[in-house]
Amino acid sequence: MFKLYYLPDTASLAPHLVLNRLGAAYELIQLNKTDGSLQSVEYQKLNPNHRVPTLIDGELVLFESAAICLHLADSDPDSGLMPPLGSAKRAHAYKWLIFMTNSIQAEMMLYFYKERFSKTPTGAEEVREVAVERVTNLMHRIDEALADGRPFLSGSHKTIVEDYLLMLSRWFVQMGLEAELKSMAHLYAMLCVLEDDVCVKATYEAEGCLPLFAC
Ligand SMILES: N[C@@H](CCC(=O)N[C@@H](CS)C(=O)NCC(=O)O)C(=O)O
């Protein structure tokens with residue numbers, strides 16, 4: 001049985017959703033930013049960064065949400081949660097996942113943790129403003145890719161790439177950019193399809209998340 005340490009509507013959402021897509025047996029362990037559980041010595045042994053998510057799979061302890069999603073997809077190669085090994089589609093899936101985790105998510109962190117990136121409150125506000133501009137620009141790369149008419153970023157089938165994108169789209173809205181997201185017509189249409197999905201609905205319900213849109 002897998003164990004997932006999580007905080008609602010954060011970087012643990014994509015791994016949680018992938019667990020539901022697998023139909024895997026798992027236990028959810030909710031942490032809290034204010035009760036000390038995220039900062040505890042016990043949790044530090046699992047995740048030295050004191051962040052979520054952390055996945056436990058037997059003896060394996062993993063942090064980093066993208067790595068966890070990839071590992072879960074690998075745990076059931078027939079699930080179709082990643083394109084076939086060695087295929088061009090798989091290479092593109094790696095590209096998009098790494099673009100999201102290495103560029104979009106990393107720059108979103110500037111917005112959500114602005115005080116960690118500046119020594120002054122004024123500097124922190126500037127960091128946040130720049131993050132809004134930069135993340136908006138990066139999200140447009142995804143909308144542009146979808147302009148060729150493919151139903152999903154991965155092509156004809158959903159993979160963990162879409163689960164990751166849904167998670168980051170929620171953060172984008174939390175950045176106050178809902179109108180901007182709706183203006184990205186191809187991405188908006190795909191997100192509407194993604195949210196109309198039994199696994200997404202179950203994951204949202206378990207974490208107390210409201211849908212992004214009433215499409
Ligand atoms: N790159 C990491 C980011 C993890 C991360 O920053 N998680 C946030 C929630 S979205 C967290 O635990 N924040 C607590 C903190 O930094 O104090 C991942 O994707 O797993």
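Residues numbered from 1 in each chain as written. Predicted model: local features only at pLDDT ≥ 70, side-chain atom pairs only at ≥ 80, totals over all residues.

(A) Molecular detail of the overall build of the protein chain. Across its full length, the protein chain holds 9 helices and 4 strands. Beginning at the N terminus, the succession of helices and strands in the protein chain can be written as β-α-β-α-β-β-α-α-α-α-α-α-α. Radius of gyration (C-alpha) of the protein chain: 17 Å, near the 17 Å computed for a compact globule of 215 residues. Overall size of the protein chain, expressed as C-alpha extent along the three principal axes, is 45 × 45 × 35 Å. (Helix = DSSP H or I, 4+ residues; strand = E, 2+ residues; numbered from the N terminus. Rg over C-alpha atoms; globule rule 2.2 N^0.38 Å.)

(B) Geometry of the nonpolar core. Counting 50 residues, the largest nonpolar core has Val-18, Cys-69, Ile-160, Val-161, Tyr-164, Leu-165 and Leu-168 as the members making the most contacts within it. When contributions to this core are tallied by element, the ones reaching two or more residues are β1 (2–6), α1 (13–22), α3 (65–75), α4 (88–112), α5 (121–146), α6 (160–174), α8 (185–195) and α9 (198–207). In terms of residues, this core owes the most to one element, α6, which gives 9 residues. Built from parts of two domains, this core gets at least three residues from each of domain 1 (2–79) and domain 2 (88–197). Excluding anything up to four places from it in sequence, Val-18 contacts Cys-69, Leu-72, Ala-73, Leu-81, Ile-160 and Asp-163. (Core = buried A, V, L, I, M, F, W, Y, C linked by C-beta atoms within 7 Å. Buried ≥ 20, exposed ≤ 12 C-beta atoms within 10 Å, placed from the backbone. Domains from an automatic or database assignment. Contact = placed C-beta atoms within 7 Å.)

(C) Broad picture of unusual backbone geometry. Note that the residue after Val-52, namely Pro-53, is joined by a cis bond; omega there is 5°. The phi dihedral of His-50 falls on the positive side, at around 55°, and the residue is not glycine. Along the chain, the position of His-50 falls in the loop between α2 (41–46) and β3 (54–57). Accessibility expressed as a C-beta count within 10 Å gives 15 for His-50, which makes it partly exposed.

(D) Structural view of the site of the ligand. Taken together, the residues surrounding the ligand are Leu-7, Thr-10, Ala-11, Arg-51, Val-52, Pro-53, Glu-64 and Ser-65. Here the residues of the shell around the ligand sort into 4 nonpolar, 2 polar and 2 charged. (Near = placed C-beta within 6 Å. Nonpolar A, V, L, I, M, F, W, Y, C, P; charged D, E, K, R; others polar.)

(E) Layout of the pairing of β1. Of all the 5 residues making up β1, 4 are buried; the element is thus mostly covered by neighbouring parts of the structure. Two elements, β1 and strand β2 (residues 26–30), share 5 bridges in a ladder whose sense is parallel. Bridge assignment links Leu-4 to a residue of β2, and that residue is Leu-28. With respect to chirality, the unit in which β1 leads through α1 into the neighbouring parallel β2 is right-handed. Relative to β3, β1 is paired through 4 bridges, and the arrangement is antiparallel. Bridge pairing links Tyr-5 to Thr-54 in β3. (Pairing = 2+ DSSP bridges. Right-handed = clockwise from strand over helix to strand, strands pointing away.)

(F) Main features of the pairing of strand β4 (residues 60–63). The pairing of β3 with β4 spans 4 bridges and is classified as antiparallel. Looking across to β4, one finds that Ile-56 is bridged to Val-61. Here β3 folds back onto β4, and the loop between the two strands holds 2 residues, one of which, Gly-58, carries a positive phi near 65°.

(G) Geometry of the domain arrangement of the protein chain. Under the domain assignment used here, the protein chain contains domain 1 (2–79) and domain 2 (88–197). Taking the mean C-alpha position of each, domain 1 and domain 2 sit 21 Å from one another. In this complex, domain 1 contributes 9 residues to the contact, which on the side of domain 2 involves 7 residues. Elements that contribute at least two residues to the side of domain 1 that touches domain 2 include exactly α1 and α3.

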